[in-house]
Amino acid sequence: MSRGDPLIRLEGVGKTFDDGTVAVKDLDLEIEEDAFVCFLGPSGCGKTTTLRLIAGLENPTTGEVFLRGRRITDWPPQRRGVGLVFQNYALFQHMTVRSNLAFGLEVRGTPRREVARRVQDMAARLDLEEVLGVRASRLDLSTMQRVAVGRTLVAEPNVLLLDEPLNNFQAGLREQMRAQLKSWQQQFGRATIYVTHDQEEAMTLGDRIVVMRDGEVEQEGPPEQVYGRPETLFVAGFIGLPPMNLLPARLDGSTGRVSLADASLELEAGTKERPSGDVVVGVRPEHLLPVEGEVDGRPRLRGVIDLVRPMAAKTIVDVRLEGGTTVRALTRGIVRGEPGEPVTLAFDPMAVVLFDRSTGLRID
């Protein structure tokens, strides 16, 4: 291994199934030691297939897979030192928690005394000591997950792979288990790759997020970067609850100004080196503030209220602009308003993200 090699590296990896389905296209990706990386995207985007390619459960049609600089493209899963936790946990229901934790070590021929030591240590770290003698079939979901993670970690894998492990949990318990997973990852110091279609999950857990679509990476980076500076219209519309407001506009390349199609408003874009053309103005709902009168010269959108949706400490206000487009504002506290009532939304122009409408790419 050369200095600076990532833990996992994918070079031009692609996967086409026998029926012609292209699941992954020419993927280049690096996973660093100790990272918590979330693969995020809609169903069928290729995230689970990518996980299986890393695990060795699928062979790539094209490209290479490396572990610490060493080519492992053709290695079986057991040689890669990966730990995979499935959505259904795949525990042996007739066996006790102790036997489930010990199973992988025993299959590898680990000495009995070492198996006992590792199992006891893992049970203590995951708060499983009181259920070591209980059969897996009698466990609740959260305990089953701890056993599944413990069974994987006890083998000391190079990387922990999690394929939507919280799908079976109800909302409240799901949030609790997210915190547990993050805590375990920090505690054990294992690189973790987590597959999810839930953006809140990805934003909460990941040090890095890899947003995928149609077998390709749309954007990768820290959560705050993916959220605040989306690189494509797809990422802008996929990330965020509610998602980013996307407004059609026209860029005048000679002046560097942007005119919104559905609002009597121009913005200084500072992009005079670009040719004129159709663009999309993106602004997050939390950056739109209902106001009265002039506000420090900030740009304003005018329209009428369509719908007010209180959400405990926040409120979502749907506003129909003069040209017919609906935008959403996310405000703190309770906002009062009736459908049809005029409203003005102010925003900081520095919060605007500009996209080329034809390519879908962000304009810097």
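Reference entry: report on the structure contained in this document. (Residues numbered from 1 in each chain as written. Predicted model: local features only at pLDDT ≥ 70, side-chain atom pairs only at ≥ 80, totals over all residues. Heavy atoms only, no water.)

**Considerations on a negative patch on the surface**
Stated formally: Any residue with relative accessible area above 30% and no salt bridge may belong to a patch, with like charges joined within 9 Å and the nonpolar Val, Leu, Ile, Met, Phe, Trp and Tyr side chains within 5 Å. Using the Shrake-Rupley algorithm and a 1.4 Å probe, accessible areas are obtained, with residue cover drawn only from the displayed protein chains. Criterion for a salt bridge: a side-chain nitrogen of Lys or Arg within 4 Å of a carboxyl oxygen of Asp or Glu. We score Asp and Glu as negative and Lys and Arg as positive, and we do not count His or the chain ends. Every charge is mapped onto a representative atom, which is NZ of Lys, CZ of Arg, CG of Asp or CD of Glu. By definition, any uninterrupted DSSP run of H or I lasting at least four residues is a helix, any uninterrupted run of E lasting at least two residues is a strand, and each is numbered from the N terminus. Relative accessible area decides the class of each residue, using a 1.4 Å probe on protein chains only: under 20% of the type maximum gives buried, over 50% gives exposed, and in between gives partly exposed.
Together, D26, D28, E30, E32, D214 and E216 line one region of the surface with negative charge. Mapped onto the fold, E30 is located in strand β2 (residues 22-31). With relative accessibility at 38%, the residue E30 sits in the partly exposed group.

**Here we look at the packing of aromatic side chains**
Rules: Ring pairs shown here join Phe, Tyr and Trp side chains whose ring centres sit within 6.5 Å, with only the six-membered ring taken for Trp; geometry is labelled stacked below 30 degrees between planes, edge-to-face above 60, and tilted in between.
The tally for this structure, following the rule as stated, stands at three aromatic pairs. A ring pair is formed by F92 and F103, whose centres lie 4.6 Å apart and whose planes are at 55°; its orientation type is tilted. Taken together, the residues F92 in the loop between β6 (82-85) and α3 (97-107) and F103 in helix α3 connect sequence positions 11 residues apart. We classify F92 as partly exposed; its relative accessible area is 29%. Taken together, a centroid distance of 5.4 Å and an interplanar angle of 15° make the contact between F234 and F238 stacked.

**Some words on the pairing of strand β17 (residues 314-321)**
The following threshold applies: In short, DSSP must find at least two bridges between two strands for them to pair.
Burial analysis of β17 places six of its eight residues in the buried class, which makes it a mostly covered element. Where strand β16 (residues 300-311) and β17 come together, eight bridges link them in antiparallel fashion. What sits directly across from V308, in β17, is V317. Hairpin remark: β16 followed by β17, antiparallel, with two residues in the connecting loop; positive phi at A312, about 60°. Summarising the sheet, β17 and strand β18 (residues 326-332) pair through seven bridges and their orientation is antiparallel. In the strand pairing of β18, V319 is matched with V327. Between β17 and β18, which pair antiparallel and follow one another directly, the connecting turn spans four residues, one of which, G324, has a positive phi of 110°.

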